[in-house]
Structure formats: C-alpha cells, structure tokens
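Coordinates in review
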Amino acid sequence: MTDLASFTAAVDDVLPVVRAELESLVRIPSVSSPAFDQSELDRSAARVTEILQGCGITDIETIKLETPNGTGRPAILAHKQGPEGAPTVLLYAHHDVQPPGERDTWDTEPFEPTEVDGRLYGRGTADDKAGVLLHAGALRVLEQLGGLPVSVTLFIEGEEEIGSPTFVNFLNTYKDRLEADVIVVADSNNWTVDVPSLTTSLRGIVGLDVTVDVLDHALHSGMYGGPMLDAVTVASRLIATLHDENGSVAVAGLAGYDDTQADYPEEQLRQDMGILDGVELTGTGSIASRLWTQPALSVIGMDVTSVEKSSNTMIPSCRFQLSLRIAPGQEPADAFEALKKHLEEHVPFGARLTFGAGELGPAFQAVNNDVMDIARDSLRDAWGSEPVDIGVGGSIPFISDLSKVFPEAKILVTGIEDPDTRAHSGNESLDLGVFRNAILAEALLLSRLGQ
Ligand code: BES
Ligand code: MN
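Residues numbered from 1 in each chain as written. Chains lettered and ligands numbered in written order. Predicted model: local features only at pLDDT ≥ 70, side-chain atom pairs only at ≥ 80, totals over all residues. Heavy atoms only, no water.

**Examining the domain arrangement of the protein chain**
Taken domain by domain, the protein chain holds domain 1 (4–202 + 363–450) and domain 2 (204–256 + 295–361). A straight line from the C-alpha centre of domain 1 to that of domain 2 covers 36 Å. Between domain 1 and domain 2, the residue contacts involve ten residues of the former and nine residues of the latter. Buried area between domain 1 and domain 2, summed over both chains or domains, comes out near 550 Å², and the portion from carbon and sulfur atoms is 59%. Among the residues of domain 1 in contact with domain 2, Ala363, Ser395 and Pro397 are the three that bury the most area, contributing 63% of the side total. (Domains from an automatic or database assignment. Contact = heavy atoms within 4.5 Å. Buried area = accessible area lost by both parts, 1.4 Å probe.)

Following this line, the structure appears as structure tokens:
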C-alpha cells in the first residue's frame, strides 16, 4: 500500500524547489513558432536537462532531428532504470510555448512568472512547462521516498505548439528507446480546480490557408464599386456559408455525436469563457458535445488592409486561415477534403480560390483499461475528490501516432490545466493547488504501477 501521509509530506517538501524550477523555465521565451528566436529553445532544453539531473537522472540526451520537413526543435530524451521486472512508463510534456501575443492582453510580464491569488501567471506556466515540472516533481518525490518504483523514460518535446512536424520521424528513429508499458501525456485539462480529470477524448484538427482573388489590382471604390464585389466581401460571404442559421458547422461530410455523459451548465460555460452579456450560444446538442465531440470551425486569421491604413479602394485579394476541430472518430484527411469541397462549391461570383498549406492532426478516443482505474484512484487520493472523465476540444495529434507505433501501450492523458488557465492567450496561469495535487497524484500512480 502507498502511504498517503508520507507521499503528501514528500510533495510539500520538494514543492518549493519544483516551483522555483518551473519559474526558471518560464523565464525562457521558448516559442517554437519560426518567427521567434529559436536559440531560446536550446536554452530551455538545457534548463530541462539540468532540472532532470536534479531528479537523479543521468541518461539524458537532447535531440534535433533533420527531416524533409526541416530541422526539428530540441527534444529531451531521458531514461532511468527502475527495479528489475518493473514496468516502463513514458512521461511526456512539451517545453515549447505559444507566442505571448499582444502585451496589453497581459496584466503581468508574460515571461516573468508572477503569483496572484494562488495562481502563477506567465506564458507556459501551465501549457506545458508545468507538465515538465509535474513529471520532475513526481520523480523527486519518489527518489526522496526511496527510489523509483518503475523504469521511466522522459520525452520532453520542443515543437508541440507547431504541430510536432518531426514527431513521426522521431518515433521511428527512437522507437526502441521510447517503448513503454504505460504512457502519461501531461498536457491536458481538469474539470475544475477542485475536481481532477482523466482526458478520455480529444478533437482532431484541420487547418487550411485560403486566398480569394477577384481583381488584378486595387480600384477606386466609387469609380468602380457596383458591378462587382471586393475580395473581403466575397471572402466574408464564403465564410458565412460555413455555418448554418444556428451557428452549427454546415460543411457536408463532417462527423459528430452528442456526448450526454457530462453536464456542463450554460452559466458555468458563460463564466469560464467570459461570454459577453446578451451574446447567444450557437450549435445544437449538449454543451459538452459542442465542445468535445462535434466539429467546430473558426477563422483564426485574416490578411486584410487595416482600418487605419485603408484607402478608399476595392480590395483585390483576401487571405484567411481556417481552423476546423473534428470529432473523435473522424479521419482528418476526410475532413480536409470535405472542407475544400465545400469552399470550392460555395465560393460566390466565380471568385478565384487558392489553397495554401494544410495541417492535419488526428483526434483521440481512449478505450478504458486497468491502468486508467489506477490513475483515477491516484487522482482521488491526491485531490480528495472524485475524478471525472472529460473530453477536450483541443488537440494533441501525436497521441494517435504513439498509439499506432505502440498499440499495446496504455495511454493516460492527464494535466495541470483548469477552465481558467487561458492557455495560448494573455494572462495564462497555473493554479498552484492543482499543481501540488497533480504532482502527488503522479507520484502515487507511478508507485502503484510498480507494485
Ligand atoms: N495543451 C494543448 C491541448 C489542450 C487544449 C489540452 C485544450 C486541453 C485543453 C496543446 O498544447 C495544444 O494547444 N495543441 C494544439 C495542437 C496543434 C498545434 C496541432 C491545439 O489544440 O491547438
Ligand atoms: Mn500543450
């Protein structure tokens, strides 16, 4: 039996060091997007290495793969052998982060971790540098309690936020070193700060870059406006066809189903999202299904003349980026084709349509297993409340690659996020109580996996 009191004491003992290590990692702006200084990823990989060394791990390597898709961002692959015959657990997190966005969306400096009311603010404090320190914290706890009960491999990726371009190559190249009985992906959400969760489904993702052209140059909008529409108006009319009157995605051929298991009250959703008074919800079916098991389509960027710089002209060309989230069970390639077909069939007035780069990421659907029960027990003991299974509307596409290469491995999707984490946006933060409970739960889990 694991003795909860000694685990709790060990967590409280290591927590100040682990917290300081998290803060040191957050101070490194390791943004994987190519527009940012990529040497910061080398710095954060070096810092992750030091942190793992502090957990008593000596077999640590930083790897950048060369692939046809370019050079990978630095990933850390580390291993420590446990007792003879004990299972091997692969611990995953990522040390890259999203760009900080506009400074005025933050109340504190994005790369200076700052505690306010029990939450630690800063880019990556949650997604997913806390995932890195969740693993490191659990390992420190176990070392303090007498040594690792299982063999562990750590894979700390540096390119998750750009869609893991070299992941499949990595998997094939280092298959032998990544092989594990259990895989813990610490990059997800919890139901609330008081109620822990295992993530049992994630949506997939399809990205598409679209350009609409109507003229070969800009024109005086008074002299020529009338006989035809400008490119922004045409693109807007095309975008408007992507949803029906209810605001449900109207692209034929997309799958989705209603998940009636979780009750997500509308008032809670409005509060979690910060929906403005009077703004209506869209779609149909339960709220959980709209978030987790039905498709969603957003325009996430548009290149168009700014209001400030507008001259009174008809704009000849408009480019926009679509992000489609797809339901678990749907193949991304099918959804991609359905989306392109819809756009081609609905583009109005014969405007020219060009597709740029696409992006495909598979969804995830867990199948219940005994290790998930051990994880739920560990979450319950650590948090002192009953865990709930959740779906997630976001995507972790490489999980599907992992499960193809290691079909026997049991995959657990855990994490330190909560509904107020604001990953990817300004004021991202980590609830420090969640962080502590998550470290305790993972230490208990690893200990129980070793028994
Ligand atoms: N940690 C997120 C996935 C996530 C999102 C978990 C919301 C729980 C709640 C992950 O880092 C992420 O943002 N993934 C990207 C994938 C994309 C870059 C291919 C996403 O969902 O946009
Ligand atoms: Mn993440």
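Additional details are given in the paragraphs that follow.
**A look at the site of ligand 1**
Taken together, 16 residues are adjacent to ligand 1, and Glu160, Asp187, Arg325, Ser395 and His424 come closest. Between an oxygen atom of ligand 1 and a side-chain N or O atom of Glu160, the distance comes to 2.7 Å. The side chain of His424 places a nitrogen or oxygen atom 2.8 Å from an oxygen atom of ligand 1. Tallied by class, the residues present in the shell around ligand 1 amount to three nonpolar, six polar and seven charged. (Near = heavy atom within 4 Å. Polar contact = N/O pair within 3.5 Å; in protein donor to acceptor, adjacent residues only side chain to side chain. Nonpolar A, V, L, I, M, F, W, Y, C, P; charged D, E, K, R; others polar.)

**A word on the coordination of the manganese ion (ligand 2)**
Looking at the manganese ion (ligand 2), the protein donor atoms are His94 (NE2), Asp127 (OD), Asp187 (OD) and Asp187 (OD), and they sit 1.9 to 2.7 Å from it. Each of the six donor atoms bound to the manganese ion (ligand 2) contributes to angles spanning 52 to 159°, and the resulting shape is irregular. Sequence spacing of the donors to the manganese ion (ligand 2): H-x32-D-x59-D. Of this pair, His94 sits in strand S5 (residues 88–94) while Asp127 sits in the loop between strand S7 (119–121) and helix H3 (129–144), and the two are 33 residues apart along the sequence. (Donors = N, O, S within 2.8 Å, 3.2 Å for Na, K, Ca; no water. Tetrahedral: all angles 85-135°; square planar, octahedral: opposite > 155°, others 65-115°. Helix = DSSP H or I, 4+ residues; strand = E, 2+ residues; numbered from the N terminus.)

**What to know about the packing of helix H1 (residues 4–26) against H3**
Their axes nearest at 9 Å, the elements H1 and H3 cross at an angle of 145°. The hand of the H1/H3 crossing is right-handed. Across from Phe7, Ala10, Val11, Asp13, Val14, Val17, Val18, Glu21, Leu22, Leu25 and Val26 in H1, the residues of H3 making contact are Lys129, Ala130, Val132, Leu133, Gly137, Arg140, Val141, Leu142 and Gln144. Across the contact of H1 with H3, the residue classes tally to 14 nonpolar, two polar and four charged. (Axes fitted to C-alpha atoms, helices over the stretch in contact; angles between N-to-C directions. Left-handed = near helix turned anticlockwise from the far one by under 90°.)

**Details of the pattern of salt bridges**
Tallying each qualifying case throughout the model produces 27 salt bridges. A salt bridge links Arg270 to Glu266; the nearest nitrogen and oxygen atoms lie 3.0 Å apart. Linking Arg270 with Glu266, this pair stays in helix H8 (residues 266–273), spanning four residues, or about one helical turn. When its relative accessible area of 19% is taken as the criterion, Arg270 is described as buried. Residues Arg380 and Asp377 are paired through a salt bridge, measuring 2.8 Å at the closest nitrogen-oxygen approach. Of this pair, Arg380 and Asp377 both sit in helix H11 (residues 370–383), three residues apart, roughly one helical turn. Judged by its relative accessible area of 29%, Arg380 falls in the partly exposed class. Taken together, the shared-partner salt bridges in this structure form one network comprising Arg19, Glu23, Arg27, Glu112 and Glu115. (Salt bridge = Lys/Arg side-chain N within 4 Å of Asp/Glu carboxyl O. Buried < 20%, exposed > 50% of the residue type's maximum accessible area, 1.4 Å probe, protein only.)

**As for H1**
Helix length check: H1 (23 residues) gives 30 Å between terminal C-alpha atoms against 33 Å at 1.5 Å per residue, within 8%. Along H1, the largest kink reaches about 45° and is centred on Leu15; proline Pro16 follows within four residues of it. If you check the start of H1, you find a side-chain oxygen 3.1 Å away from the backbone N of Ala5, and it comes from Asp3. (Expected span 1.5 Å × (residues − 1). Bend = angle between axes of the 7 residues up to and from the residue.)

**Overview of empty space enclosed by the protein**
Applying the stated criterion across every chain yields a total of two cavities of 30 Å³ or more. Elements supplying a minimum of two residues to the lining of the largest cavity: H11 and helix H13 (432–449). Residues belonging to the lining of the largest cavity are distributed by class as follows: eight nonpolar, five polar and one charged. The space that makes up the second largest cavity amounts to roughly 60 Å³. Forming the boundary of the second largest cavity are Ile63, Leu65, Gly72, Arg73, Ala75, Phe155, Glu157, Gly158, Glu159, Thr166, Phe167 and Phe170. Of all elements in the fold, only strand S8 (151–157) and helix H4 (167–173) reach the threshold of two or more residues within the lining of the second largest cavity. For the lining of the second largest cavity, the residue count by class is six nonpolar, three polar and three charged. (1 Å grid on protein atoms, 1.4 Å probe; cavity = no way out; pocket = protein on both sides within 12 Å on 5 of 7 lines; lining within 4 Å. Points joined across faces, edges and corners; volume = space filled by probe spheres on them.)

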